[in-house]
Amino acid sequence: MSTQAARVERRVLSERGTIALVYAAGVSAGMALGRFIPLSSAVRGDFGLSLAEFGWLVSGITVVGAALALPAGLWIARGDLGRVLGAGLAVMLLGGILEIVSPSVLLLYTARMLEGCGYLLVVITGPLVLAARCAPSTERGALALWSTFIPVGMALASAAGTLNGVLGWRLTAVLTVVPAVAPLIGALTRLASTGTGTGTNGANRRPAESGGLRPVLWLSVSFSLIALLGVTAIALLPDLADHRGVPAAVGSATTAAVSLASVPGGLAAGVLMHRGFTPRRLAVAALAMPCAAVVIYQVSPWAAIAAGAAALMAANGLVLAALYASMPTLAHSPYALRRGYGLLNQAGCLGSLFGPPVFAFAVTHIGWAAATVLVTLISMVGLALFWTATRTAAAPG
């Protein structure tokens, strides 16, 4: 019994180490995504960028994902996932370094697109590694934790951005590049020989089936809609602060704090799923987002707006974690899993790319009430699609 207990303990420690390593890679990707947001004035001044041009610089990573996530997902899992994850981190590092030393706008945008390729490899490979290396009892919790990597990474990038006035934007940006080094080394040394059909959980996947496409498609579209609500809420807060007459510093600090509110939501989802709550039950939290939107966009006190935004982000994080953790139950083979996460990430990138401009257009032409209406409609459609996906999971694709 002591030998068996020791083996179980070693497996648990190995799983925890894998989860920590993969999560560190995800957080590094989140920092890359949010690198330029707190450096807006300095970067725009250095390169003479308009607000729209700067927006495309920030979105350069998601443009790559929106265009290539599905084919990348189908290609990635054919090889060693550990090496693919390491390659993604290495490409991210190279792109980040080129951005920092870039003397021209052309090189800056090129480097951002290169970094986007590395980012794409990381965000697709991360959940595949977790699905392959984690036991079924810990897989959902690990995927729920993984779903928080973007807000955590972006919050850390925002925290680093506070040093911009002291260090300058280039040295400040270095602080958002360096964290990728540790997971890069770990991926190449500890995650070798990881494939979607190997490992504790990967061995349990049926190799002959591709899995139905329709449930995965509905889940991906649902993920896109829910994800864009969180990204858009954060993107609109600085403009809302200006509209309410709130100082820019207060608006920026609120935005950074609120962006982290999705993390407790994601962690809570992991705990609740471990205790037996199904993702379908947790997804009901989507109903809280329209209520929070009423507070955010229809009241005046900034404290109430901040509280409403935090509530929206917490619910958003919980629902996204439930959606992320549902993919392995819909994808019954290695092929279906990598196709599923490719679709999921491509849909998420598309939502993140188009959500803020669509909301901004509606608010500009109709008013802030339009944001409340859009949040309500999108959250309802996203919830309905998720329930459809999980209800029809056994249907043929």
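Anything mentioned here points back to the structure above.
Residues numbered from 1 in each chain as written. Predicted model: local features only at pLDDT ≥ 70, side-chain atom pairs only at ≥ 80, totals over all residues. Heavy atoms only, no water.

Trainee: Before we go on, may I ask you to explain the packing of helix α18 (residues 334–366) against helix α19 (residues 369–391) in this structure?
Mentor: Relative orientation and spacing of two packed helices are given, respectively, by the angle between their axes and the distance between those axes. Contact pair α18 / α19: the axes reach a minimum separation of 8 Å and the direction vectors enclose 140 degrees. Regarding the angle of α18 to α19, the classification is oblique. Seen from α18, the contacting residues are Phe359, Ala362, Val363 and Ile366; seen from α19, they are Ala370, Ala371, Leu374, Val375 and Ile378. The residue inventory of the contact of α18 with α19, partitioned by class, reads nine nonpolar, no polar and no charged. (Axes fitted to C-alpha atoms, helices over the stretch in contact; angles between N-to-C directions. Helix = DSSP H or I, 4+ residues; strand = E, 2+ residues; numbered from the N terminus. Parallel < 35°, antiparallel > 145°, perpendicular 65-115°, else oblique. Contact = heavy atoms within 4.5 Å. Nonpolar A, V, L, I, M, F, W, Y, C, P; charged D, E, K, R; others polar.)

Trainee: Would you explain the environment of Ala253 in this entry?
Mentor: Its place among the elements puts Ala253 in helix α13 (residues 248–259). Taking the relative accessible area as the measure of exposure, Ala253 reaches 48% and is therefore partly exposed. Considering only alpha carbons, one finds Ala253 and Ala159, 94 residues apart in sequence, at a separation of 9.7 Å. (Buried < 20%, exposed > 50% of the residue type's maximum accessible area, 1.4 Å probe, protein only.)

Trainee: In this structure, what is going on with a nonpolar patch on the surface? I would like to understand it.
Mentor: Taken together, the side chains of Leu163, Val166, Leu167, Leu171 and Leu175 present a nonpolar region at the surface, about 450 Å² in accessible area. Taken together, the elements giving at least two residues each to the nonpolar patch come down to α8 (164–167) and α9 (169–177). Looking at the element boundaries, Val166 is found in helix α8. (Patch = residues over 30% accessible without salt bridge, like charges linked within 9 Å, V, L, I, M, F, W, Y side chains within 5 Å. Areas by Shrake-Rupley, 256 points an atom, 1.4 Å probe, with all protein chains shown as cover. Salt bridge = Lys/Arg side-chain N within 4 Å of Asp/Glu carboxyl O.)

Trainee: Is there a simple way to think about helix α16 (residues 288–298) in this case?
Mentor: For the α-helix, the turn length of 3.6 residues means that residues three or four positions removed from each other point alike. Among the residues of α16, Met289, Pro290, Ala292, Ala293, Ile296 and Tyr297 are the ones counted as buried. Along the axis of α16, the buried positions cluster into a sector of 160 degrees, meaning they face one direction only. Turning to α16, the residues buried within the fold contact α12 (213–243), α17 (302–330) and α19. (Arc of directions from axis to C-beta.)

Trainee: How should I be thinking about the packing of aromatic side chains in this particular structure?
Mentor: Here the distance between the centres and the angle between the planes together describe a pair of aromatic rings. Scanning the model with the defined rule gives five aromatic pairs in all. Taking 4.5 Å as the distance between ring centres and 40 degrees as the angle between the ring planes, the aromatic pair formed by Trp146 and Phe149 counts as tilted. With respect to burial, Trp146 and Phe149 carry one shared label: buried. Ring centres of Tyr297 and Trp368 lie 5.7 Å apart, and the angle between their planes is 10 degrees; this geometry places the pair in the stacked category. Of this pair, Tyr297 sits in helix α16 while Trp368 is found in the loop between α18 and α19, placing the two residues 71 residues apart along the sequence. An aromatic cluster is present here, built from Phe36, Phe47 and Trp169 joined pairwise through their rings. (Phe/Tyr/Trp six-rings, centres within 6.5 Å; stacked < 30°, edge-to-face > 60°.)

Trainee: Before we go on, may I ask you to explain the pattern of salt bridges in this structure?
Mentor: Side chains bearing opposite charge may pair, as long as their charged atoms lie close to each other. Under the criterion given, the structure shown has five salt bridges. In this structure, Arg35 and Glu115 form a salt bridge, with 2.6 Å as the shortest nitrogen-oxygen distance. In this pair, Arg35 is assigned in the loop between α1 (2–33) and α2 (40–47) and Glu115 in helix α5 (residues 105–133), connecting sequence segments 80 residues apart. Just as Arg35 is buried, Glu115 falls in that class too. A salt bridge links Arg112 to Glu115; the shortest N-O distance between them is 3.0 Å. Placement of the pair is Arg112 and Glu115 together in helix α5, with a separation of three residues, close to one helical turn. Neither Arg112 nor Glu115 differs from the other in exposure class; each is buried. Among the charged side chains, a salt-bridge network with shared partners connects Arg35, Glu99, Arg112 and Glu115.

Trainee: How should I be thinking about the environment of Leu94 in this particular structure?
Mentor: Mapping Leu94 onto the fold places it in helix α4 (residues 81–101). Judged by its relative accessible area of 44%, Leu94 falls in the partly exposed class. It is 8.1 Å that separates the C-alpha atoms of Leu94 and Leu114, two residues lying 20 residues apart in sequence.

Trainee: Sorry, what's going on with the side chain of Ser379 here?
Mentor: Relative to the elements of secondary structure, Ser379 occurs in helix α19. A polar side-chain atom of Ser379 sits 3.0 Å from the main-chain carbonyl oxygen of Thr376. Apart from the residues lying within four places of it in its own chain, the contact partners of Ser379 are Ile226, Leu229, Ala286, Met289 and Pro290. (Polar contact = N/O pair within 3.5 Å; in protein donor to acceptor, adjacent residues only side chain to side chain.)

In short, shape yes, function no, at least from these values alone.
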